[in-house]
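The residues making up each chain are set out below.
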Amino acid sequence: MLPIQPNSELHQQMQQWRRDLHAHPETAYEEHRTAAKVAELLREFGLEVHTGLAVTGVVGVLRGRQPGQKSVALRADMDALNLQELNTFDHCSTHPGKMHGCGHDGHTTMLLGAAKHLAENPDFAGTLVFIFQPAEEGRAGAKKMCEEGLFDKFPVDAVYGMHNWPGLDAGYFAVHNGPVMASMAVFDIDIVGQGAHGGMPHLGVDPVPVAAQLISALQSIVARGLNPLDSGVVSVTRMHGGDAYNVIPESIRLSGTCRAFSAEMQDHLEAEMQRRVEHICAAHGANGTLDYRRGYPATINDPEHAQRCAEVTGALVGEAKVKRCEPPSMGAEDFSFMLEQRPGAYIWIGNGSSEGGRGLHNPHYDFNDEILPLGASYWVNLAQACLTPDSSD
Ligand SMILES: [Zn+2]
Ligand SMILES: [Zn+2]
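Keep in mind it's a predicted model, so treat the numbers as computed, not measured.

A. The coordination of the zinc ion (ligand 1), seen in detail. With distances of 2.0 to 2.2 Å, the protein atoms coordinating the zinc ion (ligand 1) are Cys102 (SG), Glu137 (OE) and His361 (NE2). Mapped onto the sequence, the donors of the zinc ion (ligand 1) take the spacing C-x34-E-x223-H. Metal-to-metal, the separation of the zinc ion (ligand 1) and the zinc ion (ligand 2) is 3.1 Å; Cys102 coordinates the two. Within this pair, whereas Cys102 is found in the loop between strand E5 (98–99) and helix H3 (104–120), its partner Glu137 is found in the loop between strand E6 (125–133) and helix H4 (141–147), the two being separated by 35 residues in sequence. Like Cys102, the residue Glu137 is buried in the burial classification.

B. Spatial organisation of helix H6 (residues 207–223). For H6, built from 17 residues, the straight-helix expectation of 24 Å at 1.5 Å per residue is met to within 8% by its first-to-last C-alpha distance of 25 Å. Taken together, the buried residues of H6 touch strand E10 (183–192), strand E12 (232–240), strand E13 (247–248), strand E14 (251–260) and helix H7 (263–283).

C. Inspection of the pattern of salt bridges at higher detail. The full count for this structure, using the stated rule, is 22 salt bridges. Arg18 is paired through a salt bridge with Asp369; the nearest N and O atoms lie 2.7 Å apart. Note that Arg18 is positioned in helix H1 (residues 9–23) and Asp369 in the loop between strand E18 (344–352) and helix H10 (372–386), a separation of 351 residues in sequence. Residue classification places Arg18 among the buried residues on the basis of a relative accessible area of 0%. By relative accessible area, Asp369 is classed as buried at 7%. As a salt-bridge pair, Asp369 and Arg19 come within 2.8 Å of each other at their nearest N and O atoms. In this pair, Asp369 sits in the loop between E18 and H10 while Arg19 sits in helix H1, placing the two residues 350 residues apart along the sequence. A relative accessible area of 33% means that Arg19 is categorised as partly exposed. Members of the salt-bridge network, linked through shared partners, are Arg18, Arg19, Asp105, Asp366 and Asp369.

D. A look at the coordination of the zinc ion (ligand 2). Cys102 (SG), His104 (NE2) and His163 (NE2) make up the full set of protein donors to the zinc ion (ligand 2), lying at 2.1 to 2.3 Å. Written as a sequence motif, the donor residues of the zinc ion (ligand 2) are C-x1-H-x58-H.

Calculation rules
- Residues numbered from 1 in each chain as written.
- Chains lettered and ligands numbered in written order.
- Predicted model: local features only at pLDDT ≥ 70, side-chain atom pairs only at ≥ 80, totals over all residues.
- Heavy atoms only, no water.
- Donors = N, O, S within 2.8 Å, 3.2 Å for Na, K, Ca; no water.
- Helix = DSSP H or I, 4+ residues; strand = E, 2+ residues; numbered from the N terminus.
- Buried < 20%, exposed > 50% of the residue type's maximum accessible area, 1.4 Å probe, protein only.
- Expected span 1.5 Å × (residues − 1).
- Contact = heavy atoms within 4.5 Å.
- Salt bridge = Lys/Arg side-chain N within 4 Å of Asp/Glu carboxyl O.

Interpretation in functional terms is not warranted from these geometric data alone.
Here it is in structure tokens:
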């Protein structure tokens, strides 16, 4: 049975918080209203509250009824996307160009619901740390919190995260034993030739055919260079160069992104790109430079902690509704920075169908309020499973 029941008073409350957050989305490091609301509610529940970590991050601390040395962190993200919402329901965004299109309003709410329930029923031994982080979407709020001493100020044995997952039915979870989300890098390639008259190509070095050859060559990195059982992505997503019909441009810039599930694979992709950029450009008398910038590392669950998540979710919904073999996502997630510091696991909770534009980052997306009690119940049961009196010596 769920500790937080559907249609309970807390479910109604959570729905109100979630819709209020949805109507007032805030993006990276500007989550001031959101953070204030989170801090106010946590204080109201009776937690010890710390604000201002990574600008708008909020941390709540709750001690169990029984003493214990163990400590566990549960993490939610609070930020929205720069995206114009196209929904028309009552709680849609009131901030033009900003939208909770990734469901972080729901993540924040589920963790708040769990905090309220656990504050009223502190049936655990040790310390719970509730992390509400800013700037997950591209601005590495988790990394900034870690750099500002998150786990020095709040030492924990493990850290757990959860993301809603459109395409996975409501009432289901997915728990991965290893990689869940990919690592991400972005790149810019500058191909510098020599501009010339469009009718007199022999007087210049045309970077356009060099760019064309290079784009084809980059596709062979994965198609011909990787073990087919390994995963990697090289996507050229942008080409800029040239302004006229009759001018051969001086330079072309190609940009894009690479994805992989390990640091070694990112190193491999970068080295292979570097070689192609250098030599293909050189072969044509052009000059090529690669600027390869790593973003989020891969999110990789610790198998022992993933097993705990699987047991807790299995007890909530039945083992048949806990997917253990879902392929990982090629999206990236900054919870990876926390997992680099502490062992833990990051799971998916089904948000229902992704059909009809209900996928993440879609202007028609909305978090599914029906799963609020299930997600909050997972946090409650996970906390209790991690912090049993027996486990604390
Ligand atoms: Zn997102
Ligand atoms: Zn997200």
